Amino acid sequence: MKRVLLDDLLAAREAGRPVALATNLRSGQQLLVYRDGTSGDLCLDIDMVVAAGEALKADRGTTLSTPAGEVFVHPFNPPSRLIVVGAVHIAKPLAQLGSLAGYGVTVVDPRRAFAAGPGFEEVAVSGEWPDEALTRLKPGASDAVVTLTHDPKLDDPALDTALRSPAFYIGALGSRKTHAARLLRLKKRGFADDELQRIHGPVGLSIGALSPAEIAISIMAQVTQTRRQGEDS
Amino acid sequence: MSEDILREAAKWRKDGRGVALATVVSTWGSSPRPVGSQLAVDDKGVFIGSVSGGCIEGAVIKEALDAIAGGRPRLLDFGVTNEQAWDVGLACGGKVQVFVERLE
């Protein structure tokens, strides 16, 4: 691989710009395929460039057959994001597990003293109100949102904004009773039952988790399950 | 944070070390690491990342050192049917194809 190609690839990734690396497995010649153009020394027919673009969009590594030999398409999309509302004690192991699993983690809490403590050095921290932060971060279909504050003033606006996004996972910490009350409040905000069913509450897989780290594991396990196996798993 | 193999490889190269990249380009059956998994190797055999659960790393690193020395990219096949199965076969019974290239 040419250094300049690797530098361009790293720059695109740094900028959050999706890019696929196409490699001829015989010659080693390579091409960077962006949504809107290409660069590199591998010649690819336009239909193959289109196929590479589709692999990028689907975020799936693919091998294409071309007259010049097989070409491996390696997609590099910006990482999925995990947005955690509430810099409470569970947020620390959850942020760490999210980072380990490859998510770009943002912890949102307007209560400065909470997020100022140790444990959040490795992740992005926002002091905005949750609805402002989520409006700015615009969760997409590959992003997850988890609320942990227990405080309706913070959790409800966050869930309100998250429900209007295509986030693949929405979870809210709280007991069954807390969650039932939460659903009633959100209903008053105009959400229908099937929309509210998107919220995983009580959050996390039922594994008897007790400590903050165990609860974070149960949440991350459910996020992973939903991402890899879908909502009905 | 998860390992950033490409960034590390670029840094190694900038420091003047010889570097090769290995990438899983296809898998069949049960294979421990998905397509796109990468491993970076320097000219001393120091490596980060993985292309299997540890079963084929040794063989891939040997090929990577060859690629650093000679420059030719290569496509490696591993699996239970491989002649080297006894020492570098995949315990899980899957097959995996790994592309190895030098970082110029």
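Residues numbered from 1 in each chain as written. Chains lettered and ligands numbered in written order. Predicted model: local features only at pLDDT ≥ 70, side-chain atom pairs only at ≥ 80, totals over all residues. Heavy atoms only, no water.

Participant: Can you walk me through the overall build of chain B in this structure?
Facilitator: Within chain B, the secondary structure is distributed over 3 helices and 5 strands. Counting helices and strands in the order they occur from the N terminus, chain B gives α-β-β-β-α-β-α-β. In chain B, which comprises 104 residues, the proportion classed as buried is 50%. Restricting to contacts in chain B with at least 6 residues of sequence separation, those with at least 24 account for 53%. Per element, the accessible surface of chain B, about 4,900 Å² overall, is 50% carbon and sulfur. (Helix = DSSP H or I, 4+ residues; strand = E, 2+ residues; numbered from the N terminus. Buried < 20%, exposed > 50% of the residue type's maximum accessible area, 1.4 Å probe, protein only. Contact = heavy atoms within 4.5 Å. Areas by Shrake-Rupley, 256 points an atom, 1.4 Å probe, with all protein chains shown as cover.)

Participant: Would you explain the packing of helix α5 (residues 130-137) of chain A against helix α6 (residues 152-163) of chain A in this entry?
Facilitator: When two helices pack together, their arrangement is captured by the angle between the axes and the distance separating the axes. All names here are of chain A. Axis separation between α5 and α6 bottoms out at 8 Å; the angle between their running directions is 25°. One way to sum up the angle between α5 and α6 is to call them roughly parallel. Between α5 and α6 lies a crossing whose hand is right-handed. Of α6, the residues touching α5 (which contributes Pro-130, Asp-131, Leu-134 and Thr-135) are Leu-154, Pro-157, Ala-158, Thr-161 and Ala-162. Of the residues assigned to the contact of α5 with α6, the class counts are 6 nonpolar, 2 polar and 1 charged. (Axes fitted to C-alpha atoms, helices over the stretch in contact; angles between N-to-C directions. Parallel < 35°, antiparallel > 145°, perpendicular 65-115°, else oblique. Left-handed = near helix turned anticlockwise from the far one by under 90°. Nonpolar A, V, L, I, M, F, W, Y, C, P; charged D, E, K, R; others polar.)

Participant: Please clarify how the pattern of salt bridges should be interpreted in this entry.
Facilitator: All names here are of chain B. Inspection of the entire model under this criterion finds 20 salt bridges over all chains. The residue Arg-17 makes a salt bridge to Asp-42 at a minimum N-O spacing of 2.8 Å. One end of the pair, Arg-17, is in the loop between α1 (5-14) and β1 (19-28); the other, Asp-42, is in strand β2 (residues 38-42), with 25 residues separating them in the sequence. The class for Asp-42 is buried, based on a relative accessible area of 2%. For Glu-104, the salt bridge is made with Arg-102, and the minimal N-O distance between the two is 3.4 Å. A relative accessible area of 24% places Arg-102 in the partly exposed class. (Salt bridge = Lys/Arg side-chain N within 4 Å of Asp/Glu carboxyl O.)

Participant: Help me understand the domain arrangement of chain A, please; the structure alone is not making it clear to me.
Facilitator: The assigned domain composition of chain A is domain 1 (3-76) and domain 2 (81-229). On a C-alpha basis, the centroid separation for the pair domain 1 of chain A and domain 2 of chain A is 35 Å. (Domains from an automatic or database assignment.)

Participant: Quick question: what am I supposed to make of the interface of chain A and chain B here?
Facilitator: Interfaces are often sized by the accessible area lost when the parts come together. Every contact between the two is made by 25 residues of chain A and, on the other side, 23 residues of chain B. Between chain A and chain B, roughly 2,000 Å² of surface is buried when both sides are summed, and carbon and sulfur atoms account for 59% of that area. The largest contributions to the chain A side of the interface with chain B come from Met1(A), Arg3(A) and Leu25(A), which together make up 31% of the buried area. Counting the contacts that link chain A with chain B gives 3 salt bridges. Between Asp4(B) and Arg13(A) there is a salt bridge; the shortest N-O distance is 2.7 Å. One can count 7 residue pairs in polar contact (both at pLDDT 80 or more) joining chain A with chain B. Broken down by secondary-structure element, the contributors of at least two residues to the side of chain A that touches chain B are α1 (3-14), β1 (19-24), β5 (69-76) and α3 (91-100) of chain A. The dominant element in the side of chain A that touches chain B, judged by the number of residues it contributes, is α1(A), at 7 residues. Classifying every residue of the side of chain A that touches chain B by side-chain character gives 8 nonpolar, 10 polar and 7 charged. (Buried area = accessible area lost by both parts, 1.4 Å probe. Polar contact = N/O pair within 3.5 Å; in protein donor to acceptor, adjacent residues only side chain to side chain.)

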